[in-house]
Amino acid sequence: MRLVTWNINSVRLRMPLVEKLAAEENPDIICLQETKVQDKDFPEEPLRALGYEHLLYRGIKGYNGVAILSKTPLTNPISHEWTGKADGRHIAGTLESGLEVHSLYVPAGGDEPDRTINDKFGHKLDFVDEMTDWFPANRASDKPIILVGDLNIAPLESDVWSHKKLLKVVSHTPIEVEKFTAAETAFGWVDAMRKVTPAPEPLYTWWSYRARDWRAANKGRRLDHIWLSQPLADKIRDVRVLVDARGWEKPSDHAPVLIDLD
DNA sequence: ATGGTCGGTTGCCGA
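Predicted model, so just to flag it, every value in this text is computed and none were measured.

Undergrad: I tried to follow the overall build of chain A on my own but got confused; where do I start?
TA: A tally of regular secondary structure across chain A gives 6 helices and 14 strands. For chain A, the C-alpha atoms occupy an extent of roughly 45 × 45 × 35 Å along the three principal directions. Considering chain A as a whole, with its 262 residues, one finds that 55% of them fall into the buried category. Total accessible area on chain A is roughly 11,600 Å²; 48% of this is exposed by carbon and sulfur atoms. Measuring between centres, the 34 positive side-chain charges of chain A sit 5 Å from its 40 negative side-chain charges.

What follows is the structure, encoded as structure tokens:
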């Protein structure tokens, strides 16, 4: 089974890139974040035409929004309202194999890493705290689950271009890394990207639009993640960041991440 | 210390 996760930054604007991804890699499942489309406007027809006939999505007007595109049936849709908000950050469904797929978009958290002056940072921390409680409490530990998406935190030193320079930059602050690690520990799952490419090998999935030459500067961060529950831990065949997609015409600022599972 | 670029609820806000 081949699955790709991608923060697409507007699915309607970047439909040609979804087509290119489908043509080049032919994933069975594509999980999207930042679709930026409300449900009534979701582009079902062009996605069905690509072979993704089974679609789950949850979006609001203008921002956020997540989706799962599948060639085979998806049942039992779930969308948890994290921190009590129905803001299009989570969709999940179950494949015929019994594998449960979650597409998640954790809040970016704004610019200032201080919840007393920045509500968005507080929202992000509360969101990760709720993940830490929700998954272990609501999902059996022997169930095959893949959780993917833009988690908006780069936890390891080698997940950012400069650990020292990013210590006060939202996405890599100590409090975020602490909460992210607490979630990983509570889940007891596997970081599939780092199982295939262990630290300290640099590994990034996002490069800012603001760089003159993103590839030459390579000031990246690993904000997108693939977590596997224990029953899937020894099923990994390969994981790749599709870095070239960051250089396609009119790109997202995130690269897709691909996993092949037995 | 600053500004740099995107997309959409556009002339701002969120990223």
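Undergrad: Any chance you could explain the sheet that holds strand 9 (residues 190-191) here in plain terms?
TA: In sheet architecture, strand pairing relies on hydrogen bonds along the backbone and comes in two forms, parallel and antiparallel. With mixed pairing, the 6 strands of this open sheet are ordered in space as 5-6-7-8-12-9. The sheet is open, and its two borders are formed by strand 5 (74-78) and strand 9, each paired with just one other strand. Sheet topology places strand 6 (residues 90-95) next to strand 7 (residues 100-105); 5 bridges connect them, and they run antiparallel. In the strand pairing of strand 7, Ala92 is matched with His102. Across the sheet, helix 3 (residues 119-138) lies against strand 6, strand 7, strand 8 (145-150) and strand 12 (224-228), angled at about 165° from strand 7, the strand it touches most. In this fold helix 4 (residues 174-187) packs onto strand 8, strand 9 and strand 12, with an angle of close to 20° to the strand it touches most, strand 12.

Undergrad: Explain the sheet that holds strand 14 (residues 257-261) here, please?
TA: Reading across the sheet, the 6 strands line up as 3-4-2-1-14-13 and stay open at both edges, with mixed pairing between neighbours. The open sheet has two edge strands, strand 3 (54-58) and strand 13 (236-241), and neither has a second partner. Here the average twist between neighbouring strands, direction ignored, is 10°. As paired elements, strand 1 (residues 2-7) and strand 14 share 4 bridges and run antiparallel to each other. Across the sheet, the residue bridging to Thr5 is Val257, located in strand 14. Strand contacts of helix 1 (residues 15-25): strand 1, strand 2 (29-33), strand 13 and strand 14, with the helix running at about 155° to strand 1, the strand carrying the most contacts.

Undergrad: Explanation requested: the pattern of salt bridges in the structure shown.
TA: Opposite charge on two side chains permits pairing when their charged atoms draw close. This model, assessed by the stated rule, comprises 20 salt bridges. Residue Glu25 is joined to Arg2 by a salt bridge in which the shortest nitrogen-to-oxygen separation is 3.4 Å. Taken together, the residues span a long stretch of sequence, with Glu25 in helix 1 and Arg2 in strand 1 at a distance of 23 residues. Among the residues examined, Glu25 registers a relative accessible area of 15% and is labelled buried. One salt bridge connects Lys179 with Asp129, and the closest N-O pair in it is separated by 3.1 Å. Of this pair, Lys179 sits in helix 4 while Asp129 sits in helix 3; the two residues are 50 residues apart in sequence, bridging distant segments of the chain. Classification of Asp129 as partly exposed rests on a relative accessible area of 31%.

Undergrad: For this particular structure, what's the right way to read the packing of helix 3 against helix 4?
TA: Helix packing for two helices is described by the angle between their axes and how far apart those axes are. Where helix 3 meets helix 4, the closest approach of the two axes is 8 Å, and the angle between their N-to-C directions is 10°. For the element pair helix 3 / helix 4, the angle class is roughly parallel. For the pair helix 3 and helix 4, contact is made by Phe121, Lys124, Leu125, Val128, Asp129, Met131, Thr132, Phe135 and Pro136 and by Ile175, Glu176, Lys179, Phe180, Ala182, Ala183, Ala186 and Phe187, respectively.

Undergrad: For this particular structure, what's the right way to read the nonpolar core?
TA: Nonpolar side chains tend to gather and get buried jointly when the protein is soluble and globular. Ranked by size, the top nonpolar core spans 32 residues in total, and within it Leu3, Val101, Ile146, Ile226, Leu228 and Ile259 carry the most contacts. Sequence-distant contacts of Leu3, defined by excluding residues within four places in its chain, comprise Ile29, Cys31, Val101, Ile146, Val148, Val257, Leu258 and Ile259. Membership of the second largest hydrophobic core comes to 23 residues, among which are Ile30, Leu55, Tyr57 and Leu258.

Undergrad: Got a minute to help me understand helix 3 in this structure?
TA: Within an α-helix, residues lying three or four positions from one another point in the same direction, as the helix has 3.6 residues per turn. Between its first and last C-alpha atoms helix 3 spans 27 Å; for 20 residues at 1.5 Å apiece the expected length is 28 Å, and the two agree. Along helix 3, the positions that sit buried rather than exposed are Phe121, Gly122, His123, Lys124, Leu125, Phe127, Val128, Met131, Thr132, Trp134 and Phe135. In this structure, the buried side of helix 3 is in contact with strand 6, strand 7, strand 8, helix 4 and strand 12. Measuring from the side-chain oxygen of the N-cap residue of helix 3 to the backbone nitrogen of Lys120 gives 3.0 Å; that N-cap residue is Asn118.

Rules behind the numbers
- The residue count restarts for each chain, going from 1 along the sequence in the order it is written.
- Chain letters and ligand numbers both follow the written order, the letters beginning at A and the numbers at 1.
- With pLDDT at 70 or above as the cut-off, local features in this predicted model cover only qualifying residues; side-chain atom pairs require 80 or more to be listed or tallied, and sums for whole chains, interfaces and linings still use all residues.
- Computation of side-chain values: all heavy atoms of the structure, hydrogens and water removed.
- Secondary structure counts use DSSP, requiring at least four H or I residues in a row for a helix and at least two E residues in a row for a strand, with both numbered from the N terminus.
- Using a 1.4 Å probe on the protein chains alone, a residue whose accessible area is under 20% of its type maximum counts as buried, one over 50% counts as exposed, and one in between counts as partly exposed.
- For the accessible areas, the method is Shrake-Rupley and the probe is 1.4 Å, while residue cover comes only from the protein chains on display.
- We count Lys and Arg on the positive side and Asp and Glu on the negative side, and we leave His and both chain ends out.
- To locate a charge, take NZ of a lysine, CZ of an arginine, CG of an aspartate or CD of a glutamate.
- Strand pairing follows a simple DSSP-based rule, namely that at least 2 bridges must link the two strands.
- Whether two residues touch is decided by their heavy atoms; if any such pair falls within 4.5 Å, the residues are in contact.
- Lines fitted to C-alpha atoms define the axes here, with helix axes fitted over just the stretch in contact, and angles between the N-to-C directions of these axes take values from 0 to 180 degrees.
- Put simply, a salt bridge is a Lys or Arg side-chain nitrogen that is within 4 Å of an Asp or Glu carboxyl oxygen.
- Note on angle classes: values under 35 degrees are labelled roughly parallel, values over 145 roughly antiparallel, values of 65 to 115 roughly perpendicular, and the remainder oblique.
- Nonpolar cores were defined as sets of buried Ala, Val, Leu, Ile, Met, Phe, Trp, Tyr and Cys residues, with membership established by side-chain atoms within 4.5 Å.
- A helix is expected to span 1.5 Å multiplied by its residue count minus one.
- Pairing of N or O atoms within 3.5 Å defines a polar contact, subject to two protein rules: one partner must be a possible hydrogen donor and the other a possible acceptor, and residues neighboring in sequence count only if both atoms are side-chain atoms.

Geometry only, nothing functional implied.
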